[in-house]
Amino acid sequence: MVLADLGADVVKVERPGAGDETRSWGPPYAGTESAYYLSINRSKRSVALDLKDRRALELAVELCRRADVVIENFRPGAADAIGLGFETLSATNEQLVYCSITGFGTDRHPPARPGYDFIAQAESGLMSVTGSGEPTKVGVAMVDVLTGLHAAVAILAAVHGGGPRRIEVPLLDIALASLVNVASGALVTGQEPRRYGNAHPHIVPYQPFRASDGSVAVAAANDGLFRRMCDVIARPDLAVEFPTNASRVERRDELITELEAVFATRSADDWVARLEAAGVPAGKIRGVLEAIEAAAAAGKDPRVAVQHPTIGPLELIGTPIRSQDLPAPTAPPLLGQHTGKVLRECGIADAEIAELKARGAIACAD
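Summary of the structure given here. (Residues numbered from 1 in each chain as written. Predicted model: local features only at pLDDT ≥ 70, side-chain atom pairs only at ≥ 80, totals over all residues. Heavy atoms only, no water.)

What follows covers the layout of surface pockets. Taken as a whole, the second largest pocket holds about 650 Å³ of empty space. Looking at the second largest pocket, it is lined by 26 residues, and the ones nearest its centre are V129, N181, V182, Y196 and P201. In terms of residue count, helix α9 (residues 180-189) provides more of the lining of the second largest pocket than any other element does, six residues in total. Looking at the lining of the second largest pocket, its residues break down into twelve nonpolar, eleven polar and three charged. (1 Å grid on protein atoms, 1.4 Å probe; cavity = no way out; pocket = protein on both sides within 12 Å on 5 of 7 lines; lining within 4 Å. Points joined across faces, edges and corners; volume = space filled by probe spheres on them. Helix = DSSP H or I, 4+ residues; strand = E, 2+ residues; numbered from the N terminus. Nonpolar A, V, L, I, M, F, W, Y, C, P; charged D, E, K, R; others polar.)

And the structure:
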């Protein structure tokens, strides 16, 4: 989807009948389309091919022969087994960039181990450092998101001659890399990191505080910001008693107890206004709908409106990339919405398309 947002012609190959499994990940649904599917498939074209059918598989190979980039997320070895592996496809497309998204990497054992975001969060240690009680997964499929972003970066580098033509992006490695300072601390100390919940292991105060009507997140990430925060809350004595971040980390519980008592005296909006006026990063903890509305009210609506063929007007969260040169997004496609058109672009006659559809080798919604 990132590549499509940037202007690439993205052809999504799905199974007739069920299609991409995220189509069934609901409720909620908009019409017959799952909200999950709609969230990650804008600006793509859908072609439905039954890869168990010999002719449909040949058509998939032809699509790959014409493509600049092929992205696949079969279990390791499956693409090679059906003739859609890198060695086979690159033999007729010498400039092909081929990206495999795997669970644990083909150079680990067992090589065909499947993986989902949740499993990668568990196996990587990400869950072990998240939450305040038991290990907790992140509230969205963050490893999947980061994997897509890393894949897009690697693909763009390869397309422009700065990277290898064969790319593998394992979920596990992405999750491990996302641990950044937490993993570095573990390597330096040789100790398992503890969970800090909404607090920060190395910066204090860098956490939410309960206000009189909600909660406010405060990020006093250096000594200067901490002094300003102490002035805002009328407790300059705390800046004297806890002059350095190291002192605040060492005496975390003592300091947080003092701050909690102060922040409980005013509303979240009041504290955010006061802290921002002093240049201290702060924000109100919002629900998702509230956050979307607040972002729009601040001047830039994060939503985009597309016209879906069955749902009608549909709101989605748009790309976060700011550029006037980006193409307008299009609606996430129906299953097989573009099968006929894409096959005609490959020179397939209408009579053959009709025959393939009649025997279930393809699905056409166009």
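Applying the stated criterion across every chain, the model contains four aromatic pairs. Note on F86 and Y98: the rings are 5.9 Å apart at their centroids and 65 degrees apart in plane angle, and the pair reads as edge-to-face. You can see F86 sitting in helix α5 (residues 86-90) and its partner Y98 sitting in strand β6 (residues 97-102), a full twelve residues away along the chain. Across the pair, exposure class does not vary: F86 and Y98 are buried alike. (Phe/Tyr/Trp six-rings, centres within 6.5 Å; stacked < 30°, edge-to-face > 60°. Buried < 20%, exposed > 50% of the residue type's maximum accessible area, 1.4 Å probe, protein only.)

With that settled, consider the side chain of S43. Among the structural elements, S43 can be located in the loop between α2 (35-39) and β4 (44-49). Apart from residues no more than four positions distant in its own chain, S43 is found in contact with A4, P329, T330 and A331. (Contact = heavy atoms within 4.5 Å.)

Further remarks concern the environment of L326. Of note, L326 is situated in the loop between β12 (312-317) and α16 (339-345). A relative accessible area of 22% means that L326 is categorised as partly exposed. Along the sequence, L326 and A4 sit 322 residues apart, while their C-alpha atoms lie 9.7 Å from each other. Those residues in contact with L326 that lie beyond four places of it in its chain are D5, L6, T319 and I321.

The tally for this structure, following the rule as stated, stands at 30 salt bridges. For E290, the salt bridge identified is with K284, shortest N-O distance 3.5 Å. You can call E290 partly exposed: its relative accessible area is 33%. Here K284 falls in the partly exposed class, since its relative accessible area comes to 28%. For R359, the salt bridge identified is with E355, shortest N-O distance 2.7 Å. Overall, the relative accessible area of 42% leaves R359 in the partly exposed class. Here the residues in one salt-bridge network are R54, R55, E58 and E352, joined through shared partners. (Salt bridge = Lys/Arg side-chain N within 4 Å of Asp/Glu carboxyl O.)

The next subject is the packing of helix α6 (residues 117-124) against helix α7 (residues 142-159). Axis separation between α6 and α7 bottoms out at 7 Å; the angle between their running directions is 95 degrees. In terms of orientation, α6 and α7 fall into the roughly perpendicular class. Here α6 contributes D117, A120 and Q121 to the contact with α7, which in turn contributes M142, V143 and D144. For the contact of α6 with α7, the class distribution of residues is three nonpolar, one polar and two charged. (Axes fitted to C-alpha atoms, helices over the stretch in contact; angles between N-to-C directions. Parallel < 35°, antiparallel > 145°, perpendicular 65-115°, else oblique.)

Attention now moves to the sheet that holds strand β1 (residues 10-14). The strand order β1-β4-β13 describes an open sheet built from three strands, whose pairing is mixed. The open sheet terminates on both sides in strands that have one partner only, identified here as β1 and β13 (362-363). Along the sheet, helix α3 (residues 54-66) contacts β1 and β4; its crossing angle with β4, the most-contacted strand, is approximately 150 degrees. (Pairing = 2+ DSSP bridges.)

Geometric descriptors of this kind do not, in isolation, establish any biological role.
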